[in-house]
Amino acid sequence: GRVWTQVGDLGQDHAQQTVLVRGRVHTVRGKGSLGFLVVREAGHTVQCVVQVKDNVVSKGMIKYVTKLNKESIVDVEGLVVVPPKPVEGTSQPVELHVTKVFCVSTAAVQLPINLEDCARSEVDFQKGEEEGKKFVRVGQDTRLNNRVIDLRTPANQAIFRIQCQVSALFRQALLDEDFVELHTPKLIAGASEGGSSVFKLEYKGQPACLAQSPQLHKQMAICADFGRVFEIGPVFRAEDSFTHRHLCEFTGLDFEMEIKEHYFEVLDVLEKVFLTIFDGLNEKCAKQLKAINEQYPFEPLQYLRPTLRLTFAEGVAILKEAGHEVDPMADFNTETEKTLGKLVKEKYKTDFYILHRYPAAIRPFYTMPCWDDKRYSNSFDVFIRGEEIISGAQRVHDPELLTKRATECGIDVKTLSTYIDSFRYGAPPHGGAGVGLERVVMLFCALNNIRKTSLFPRDPQRLAP
Ligand code: ATP
Ligand code: AMO
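- By the naming in an unreviewed UniProt entry, the protein chain goes by aspartate--tRNA ligase and is assigned to Ceratodon purpureus.
- The record held by UniProt for the protein chain lists under Sequence similarities (unreviewed entry) the comment "Belongs to the class-II aminoacyl-tRNA synthetase family. Type 2 subfamily."
- In its Catalytic activity (unreviewed entry) section, the UniProt record describing the protein chain reads: "tRNA(Asp) + L-aspartate + ATP = L-aspartyl-tRNA(Asp) + AMP + diphosphate".

Next up, the structure:
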């Protein structure tokens, strides 16, 4: 009988069996009595040999096969044969000797971008140049304009499988710690993270916003006695600046929890969750990490156990020691954060670390000031390779202080009234954090642009595809 097989599963144990695969025409060549068709499925490729054979393969069939447009979808039936040596440029150790080919869906003759061009690494380009080949470089915008094709490269296939694992591991790690997954509204009355980067809209005649984070409602869930909550959902930021690490819509991994004594309880959970994620990626995604590495080579993430925790003041001291002028009460700019990342790596041999006890003035209004020194706050940022992936803190749970802090930060407290009210009915001490999923994947794999880790990125200049 006919057995459907995944291209990626084809191996020597299928030798001499007739199998049926469905995939795309990756490349095709040959003429006369012999044709070669490389079929690709989910990033795996197999060579299919079409050779004239009485009553099975005619010259006409070879002509038909060699005229198939690249990226068309075909069903191929063939006998699995182990070649004397692996076929160059294919992923599978066997080839198919074709008995039947059926085209399921034809791709246009002229594709807007060529997949092979999209899949080349810098090394490939250099080699090509030395050999005098003229390779086309497909720019970021062209790729994103034609994202459906661009996403078919092995590296892109791998990136989104890794992204899926990050959220799966995040979810499982928190469920194991007794967190409840909730879903907070994305249409809300006001800004939660400051007014400048908010998308405004009209909600049935009433001014409204797209949620800049689940901040307000995840805290309200704590006031509603859920104890420990998390959410994986969209976050909207009307960013003005066009940078390598800001999107206008990204996926937030948020959690919030009651604490007994100290914001370090939040850090303990965060540390457990992220060590689970990193270990899990290294364990489960070796193939994907290899595929990314082949196009975009990177050093594997180095991380310590337990995770390195430095205070903001210690960060300032490290920078000063290395001769950098920094204001100890102001936020680090992107450059300084990167420099600190390098210095921390040299000194502690880690790409992943926590910076805590930030100056209060540079944190959002809902952040709890330190009890021993009000100039500082019970807050933290977490970095990979010197770039921020997580931000969090203990929260103010006193409604009067919350009102005062919001007013000082220039926020119209009227838009926050139901949020502030929820602290008037008894509110436990609590804290939490927000993680940018696309940033985690970008920085784990040391990719240079967040658009690479967003399926259909939204930035200040892009609303399509
Ligand atoms: P958070 O919102 O928690 O601060 P973030 O990573 O989005 O996280 P921003 O607040 O946007 O960071 O900015 C952090 C730092 O990055 C700021 O100190 C700022 O100097 C710098 N920064 C932000 N946008 C840009 C930009 N377009 N170009 C250069 N630096 C930037
Ligand atoms: P913050 O504004 O720092 O904190 O956001 C949390 C994390 O989200 C990611 N991030 C972004 N990713 C892509 N594009 C953007 N424009 C963007 N902005 C932020 C970063 C960042 O660390 N409510 C707090 C979290 C909390 O305290 O629980 C918040 O939103 O990885």
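After that view of the structure, there is still more to cover.
### Focus: the overall build of the protein chain
Then step 1. Looking only at helices and strands, the protein chain has 14 helices and 17 strands in total.
Then step 2. A principal-axis box enclosing the C-alpha atoms of the protein chain has dimensions of 90 × 55 × 40 Å.
Then step 3. Within the protein chain, the fraction of its 465 residues that count as buried is 37%.
Then step 4. In the protein chain, of all internal contacts separated by at least 6 residues, the share reaching a separation of at least 24 is 68%.

### Description of helix α8 (residues 264–284)
Then step 1. Taking 1.5 Å of rise per residue, the 21 residues of α8 would be expected to cover 30 Å, and the 29 Å separating its terminal C-alpha atoms lies within 8% of that figure.
Then step 2. Taken together, the buried positions of α8 are occupied by V266, L267, V269, L270, V273, F274, I277, F278 and L281. Along α8, the residues classed as buried sweep out an arc of 160° about the axis, all on the same side.

### Here we look at the pairing of strand β6 (residues 95–105)
Then step 1. Pairing analysis gives three bridges linking strand β4 (residues 44–51) to β6, with the strands arranged parallel. Bridging across to β6, V49 finds its partner in H97.

### Overview of unusual backbone geometry
Then step 1. A cis geometry characterises the amide bond from R305 onward to P306, with omega recorded as 0°.
Then step 2. With respect to the helices, strands and loops of the structure, P306 is situated in the loop between α9 (286–295) and β13 (308–311).
Then step 3. That bond from A464 to P465 is cis: its omega, -5°, falls within 30 degrees of zero.
Then step 4. Residues other than glycine seldom take positive phi values, yet E71 does so here, at roughly 75°.
Then step 5. E71 sits in the partly exposed class, given 18 other C-beta atoms within 10 Å.
Then step 6. Its identity is not glycine, yet R357 carries a phi of approximately 60°, on the positive side.

### Considerations on the sheet that holds strand β10 (residues 206–210)
Then step 1. A sheet is described by the order of its strands in space; here three strands give the open sequence β8-β10-β9, paired in antiparallel fashion. The strands lining the two open edges of the sheet, one partner per strand, are β8 (187–188) and β9 (200–203).
Then step 2. Sheet analysis places β9 next to β10, joined by four bridges and oriented antiparallel. In the strand pairing of β10, L201 is matched with A208.

### Side note on the site of ligand 2
Then step 1. Around ligand 2 there are 24 residues in total, and S213, H246, S391, G434 and G436 lie nearest to it.
Then step 2. At the level of elements, β12 (249–258), β16 (387–394), β17 (430–436) and α14 (437–444) are the ones that each hand at least two residues to the shell around ligand 2.
Then step 3. For the shell around ligand 2, the element with the highest residue contribution is β16, accounting for six residues.
Then step 4. Among the residues making up the shell around ligand 2, the classes are represented as eight nonpolar, nine polar and seven charged.

### Here we look at the sheet that holds strand β15 (residues 379–384)
Then step 1. One open sheet accounts for eight strands, arranged β7-β11-β12-β17-β16-β15-β14-β13; its pairing is mixed. Both edges of this open sheet fall to β7 (180–181) and β13, since each of them pairs with a single strand only.
Then step 2. As defined by bridge partners, β15 adjoins β16 across six bridges and the pair is classed as antiparallel. Paired with V382 across the bridge in β16 is I390.
Then step 3. The strands touched by α14 within the sheet are β12, β15, β16 and β17, with β17 carrying the most contacts at an inclination of about 60°.

### Comments concerning the site of ligand 1
Then step 1. Close to ligand 1 lie S241, T243, H246, D331, N333, T334, E388 and S391, which account for all nearby residues.
Then step 2. Class assignment for the residues of the shell around ligand 1 results in no nonpolar, six polar and two charged.

### Looking at the packing of helix α6 (residues 154–176) against α8
Then step 1. Direction vectors running N to C along α6 and α8 enclose 140°, while the axes themselves pass 9 Å from each other. Classified by the angle their axes make, α6 and α8 are oblique. In this structure, α6 crosses over α8, and the sense of that crossing is right-handed. Residues I162, Q165, V166, L169, F170, A173 and L174 of α6 touch α8, and the partners they reach there are K272, V273, T276, I277, G280, L281 and K284.
Then step 2. Per-class residue counts for the contact of α6 with α8 are nine nonpolar, three polar and two charged.

### A few points about the environment of I188
Then step 1. Note that I188 resides in strand β8.
Then step 2. Once the C-alpha coordinates of I188 and E249 are considered, the two residues, 61 residues apart in sequence, prove to be 16 Å apart.
Then step 3. Other than its neighbours up to four places away in sequence, I188 contacts A208, C209 and A211.

### What to know about the environment of P207
Then step 1. Relative to the helices and strands, P207 is located in strand β10.
Then step 2. Along the primary structure P207 and I188 are separated by 19 residues, whereas in three dimensions their C-alpha atoms are 9.2 Å apart.

### Concerning the environment of V38
Then step 1. With respect to the element layout, V38 can be found in strand β3 (residues 34–41).
Then step 2. C-beta crowding within 10 Å serves as the criterion here: with 22 such atoms nearby, V38 is assigned to the buried category.
Then step 3. A sequence separation of 171 residues divides V38 from C209, and the C-alpha atoms of the two residues are 50 Å apart.
Then step 4. When residues no more than four places from it in sequence are discounted, the contact partners of V38 are H26, T27, T45, Q47 and T90.

### Brief notes about the pairing of β3
Then step 1. Pairing between strand β2 (residues 18–31) and β3: seven bridges, direction antiparallel. The residue of β3 that forms the bridge with T27 is V38.
Then step 2. Relative to β4, β3 runs antiparallel, the two sharing eight bridges. Of the residues in β4, the one forming a bridge with L34 is Q51.

Conventions used here
- Residues numbered from 1 in each chain as written.
- Chains lettered and ligands numbered in written order.
- Predicted model: local features only at pLDDT ≥ 70, side-chain atom pairs only at ≥ 80, totals over all residues.
- UniProt positions renumbered as here; feature names shortened; annotations may be inferred.
- Helix = DSSP H or I, 4+ residues; strand = E, 2+ residues; numbered from the N terminus.
- Buried ≥ 20, exposed ≤ 12 C-beta atoms within 10 Å, placed from the backbone.
- Contact = placed C-beta atoms within 7 Å.
- Expected span 1.5 Å × (residues − 1).
- Arc of directions from axis to C-beta.
- Pairing = 2+ DSSP bridges.
- Near = placed C-beta within 6 Å.
- Nonpolar A, V, L, I, M, F, W, Y, C, P; charged D, E, K, R; others polar.
- Axes fitted to C-alpha atoms, helices over the stretch in contact; angles between N-to-C directions.
- Parallel < 35°, antiparallel > 145°, perpendicular 65-115°, else oblique.
- Left-handed = near helix turned anticlockwise from the far one by under 90°.

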